[in-house]
Amino acid sequence: MTPFSLQQYLSLEQREHGLDPALARLIFGISDACAMIGSKVRSGALAGVLGLAGTENVQGEDQKKLDVISNDIFVEAVARTASVSGMVSEEVDHVIRVPDELPVGPYLICFDPLDGSSNIDINVSIGSIFSILPAPRITHDVSDADFLQPGRNILAAGYCIYGPQTQLVLTLGRSLVMFTRDPATGTFRLTREEVKVSESAKEFAINMSNQRFWEPAVQRYVSELLQGAEGPRAKNYNMRWIAAMVAEVHRILQRGGIFMYPRDSRNPDRPGKLRLMYEAAPMAKIMETAGGAATNGLQPILDIVPQGIHERVAVFLGAKEEVTRVTEYHKAK
Ligand code: AHG
Ligand code: MN
Ligand code: MN
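Residues numbered from 1 in each chain as written. Chains lettered and ligands numbered in written order. Predicted model: local features only at pLDDT ≥ 70, side-chain atom pairs only at ≥ 80, totals over all residues. Heavy atoms only, no water.

Asks: Which parts of the structure should I look at to understand the pattern of salt bridges?
Replies: Two side chains with opposite charge may pair up if their charged atoms get near one another. With the rule as written, the count across this model stands at 17 salt bridges. Across the pair Arg-263 and Glu-215 runs a salt bridge whose closest N-O atoms are separated by 3.7 Å. Of the two residues, Arg-263 is situated in the loop between strand 12 (258-261) and strand 13 (274-275) and Glu-215 in the loop between strand 10 (203-205) and helix 5 (216-226); the sequence distance between them amounts to 48 residues. Residue Arg-263 is classed as partly exposed on the basis of its relative accessible area, which comes to 34%. When its relative accessible area of 24% is taken as the criterion, Glu-215 is described as partly exposed. For Glu-279, the salt bridge identified is with Arg-275, shortest N-O distance 2.9 Å. Each member of the pair, Glu-279 together with Arg-275, is buried. (Salt bridge = Lys/Arg side-chain N within 4 Å of Asp/Glu carboxyl O. Helix = DSSP H or I, 4+ residues; strand = E, 2+ residues; numbered from the N terminus. Buried < 20%, exposed > 50% of the residue type's maximum accessible area, 1.4 Å probe, protein only.)

Written out as structure tokens, the structure is:
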């Protein structure tokens with residue numbers, strides 16, 4: 001039997017678990033955006049989408065052409081669903097309102113339209129990340145304050161990875177499921193259900209080039225991993241760094257591990273590199289749904305109440321045992 005399509009999955013969720021049709025429509029709109037971005041990614045230089053856009057985003061980072069293209073695709077596809085009252089994107093400094101001529105709906109969405117930008121031009125995996133919150137007001141006049149909700153409020157979260165396969169990974173809160181895009185028909189089909197992340201790990205991911213800037217808790221934790229079978233952890237660990245959180249999370253969901261992007265002293269005013277609302281919180285929701293954990297070193301990422309839509313945060317996520325240990329080291333200092 002051909003596996004379930006995303007559309008069939010969402011219909012079943014509506015019938016059996018009362019999924020709101022407006023939320024189903026929004027998720028379907030996101031999957032359309034991802035399919036369009038995926039096709040640009042696949043064409044690369046042939047579609048003229050590689051290289052720099054010549055602009056900077058609110059974070060002061062150079063925007064790649066594909067960052068800008070993916071953002072525009074997301075904004076348009078989401079606005080057309082009539083399911084949201086507003087959007088927050090990594091690539092846009094202010095909240096994005098729904099155009100007056102289109103209807104608004106009961107949800108808010110935060111997204112990183114293209115994660116892993118430094119991988120675009122070298123043909124390595126990249127992705128898109130999103131999380132969906134309830135809208136406190138159904139209005140065209142949405143403000144930053146409407147978005148400043150802790151990750152515990154997230155109703156649905158997911159990412160799409162553009163790698164050897166295009167896969168959409170989704171949680172509506174109860175379980176984590178994976179869909180693979182069928183290149184022949186363009187349909188996303190269910191290929192994994194009830195995804196769980198193992199509690200222990202033997203693989204870690206961190207950008208080691210920043211080691212001299214880390215805090216003592218991270219120095220201690222990583223040095224113990226590096227000591228392998230001869231050290232206090234009494235086993236050997238492997239290391240990976242893809243430089244796209246989507247790809248690191250995807251690997252951890254398949255074969256376990258821990259991912260870290262700690263706070264560091266390169267930029268003491270910055271509590272981390274990754275952004276809370278459209279990178280860390282959706283991935284934390286995914287990890288917790290799959291039985292893993294995600295903290296900023298001190299508290300669960302989902303408990304943090306954002307102070308700003310582009311706020312940054314330190315991230316430790318993946319296998320529960322490992323995340324708990326590195327969090328304890330932070331608390332012990
Ligand atoms: P983005 O491309 O959306 O700016 O995000 C990239 C992020 C994250 O996905 C990745 O883990 C990290 O930046 C890589 O950072 P380094 O280049 O510092 O390793
Ligand atoms: Mn990103
Ligand atoms: Mn991005």
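Asks: Before we go on, may I ask you to explain the coordination of the manganese ion (ligand 2) in this structure?
Replies: Six octahedral donors at a metal ideally form angles of 90 or 180 degrees, and four tetrahedral donors ideally form angles of 109.5 degrees. At the metal site, the manganese ion (ligand 2) is ligated by Asp-112 (OD), Asp-115 (OD) and Glu-279 (OE), and these contacts range over 1.8 to 2.2 Å. Spacing between the donor residues of the manganese ion (ligand 2) along the chain follows D-x2-D-x163-E. The distance between the manganese ion (ligand 2) and the manganese ion (ligand 3) is 3.7 Å, with Asp-112 acting as a donor to both metals. Pair noted here: Asp-112 is in strand 4 (residues 107-115) and Glu-279 is in helix 7 (residues 276-289), with a separation of 167 residues, a long-range link. Taken as a pair, Asp-112 and Glu-279 share a single burial class, namely buried. (Donors = N, O, S within 2.8 Å, 3.2 Å for Na, K, Ca; no water.)

Asks: I'm lost on the domain arrangement of the protein in this one. Help?
Replies: By a frequent convention, interface size equals the accessible area lost on bringing the separate parts together. Domain boundaries assigned for the protein yield domain 1 (6-192) and domain 2 (203-331). The gap between the C-alpha centroids of domain 1 and domain 2 is 23 Å. Each side of the interface is counted separately: domain 1 has 48 residues, and domain 2 has 33 residues. In this assembly, domain 1 packs against domain 2 so that about 3,000 Å² is buried in total across both faces, 63% of it on carbon and sulfur atoms. Of all residues in domain 1, Leu-148, Arg-152 and Tyr-159 bury the most surface against domain 2, accounting for 21% of the area lost on that side. Put simply, domain 1 and domain 2 have 4 salt bridges between them. One can count 14 residue pairs in polar contact (both at pLDDT 80 or more) joining domain 1 with domain 2. (Domains from an automatic or database assignment. Contact = heavy atoms within 4.5 Å. Buried area = accessible area lost by both parts, 1.4 Å probe. Polar contact = N/O pair within 3.5 Å; in protein donor to acceptor, adjacent residues only side chain to side chain.)

Asks: Could you clarify how one ought to interpret the site of ligand 1 in this entry?
Replies: In the neighbourhood of ligand 1, 17 residues make up the surrounding shell, with Asp-115, Ser-117, Asn-207, Met-245 and Tyr-261 lying closest. Take Asp-115: an N or O atom from its side chain is 2.7 Å from an oxygen atom of ligand 1. Residue Glu-279 places a side-chain N or O atom 3.4 Å away from an oxygen atom belonging to ligand 1. Coverage of ligand 1 by the protein amounts to 87% of the 470 Å² it exposes when considered alone. Secondary-structure elements contributing two or more residues to the shell around ligand 1 are strand 4, strand 12 and strand 13. Across the shell around ligand 1, the residue classes tally to 8 nonpolar, 3 polar and 6 charged. Mapped onto the domain boundaries, the shell around ligand 1 takes at least three residues apiece from domain 1 (6-192) and domain 2 (203-331). (Near = heavy atom within 4 Å. Areas by Shrake-Rupley, 256 points an atom, 1.4 Å probe, with all protein chains shown as cover. Nonpolar A, V, L, I, M, F, W, Y, C, P; charged D, E, K, R; others polar.)

Asks: Help me understand helix 6 (residues 245-255) in this model?
Replies: Every α-helical turn comprises 3.6 residues, leaving residues that sit three or four positions apart pointing alike. With 9 of 11 residues buried, helix 6 lies mostly within the body of the structure. The complete set of buried residues in helix 6 reads Met-245, Val-246, Ala-247, Glu-248, Val-249, His-250, Arg-251, Ile-252 and Leu-253. Residue Gly-256 follows helix 6 closely and has a positive phi angle near 85°.

Asks: Would you mind showing me how to read the packing of aromatic side chains here?
Replies: Any pair of aromatic rings gets described here by the distance separating the centres and the angle formed by the planes. Scanning all chains against the criterion turns up 5 aromatic pairs. Ring geometry for Trp-241 versus Phe-259: centroids 5.6 Å apart, planes at 5°, classification stacked. Within this pair, whereas Trp-241 is found in the loop between strand 11 (238-239) and helix 6, its partner Phe-259 is found in strand 12, the two being separated by 18 residues in sequence. Among the aromatic residues, those joined into a ring-pair cluster are Trp-241, Phe-259 and Tyr-261. We note Arg-220 situated over the ring of Tyr-329; from NZ or CZ to the ring centre the distance is 3.6 Å. (Phe/Tyr/Trp six-rings, centres within 6.5 Å; stacked < 30°, edge-to-face > 60°. Lys NZ or Arg CZ within 6 Å of the ring centre and 35° of its normal.)

Asks: Honestly, the sheet that holds strand 12 in this entry has me stumped. Any pointers?
Replies: The strands making up a sheet associate through backbone hydrogen bonding, with each pair oriented either parallel or antiparallel. The 5 strands are arranged 11-10-12-16-14 in an open sheet whose pairing can be described as mixed. Each end of this open sheet is capped by a strand with a single partner; those strands are strand 11 and strand 14 (293-295). With 2 bridges connecting them, strand 10 and strand 11 associate as parallel partners. Of the residues in strand 11, the one forming a bridge with Glu-203 is Asn-238. Strands strand 12, strand 14 and strand 16 (315-318) of the sheet are contacted by helix 8 (residues 320-332), whose axis makes an angle of about 155° with strand 16. (Pairing = 2+ DSSP bridges. Axes fitted to C-alpha atoms, helices over the stretch in contact; angles between N-to-C directions.)

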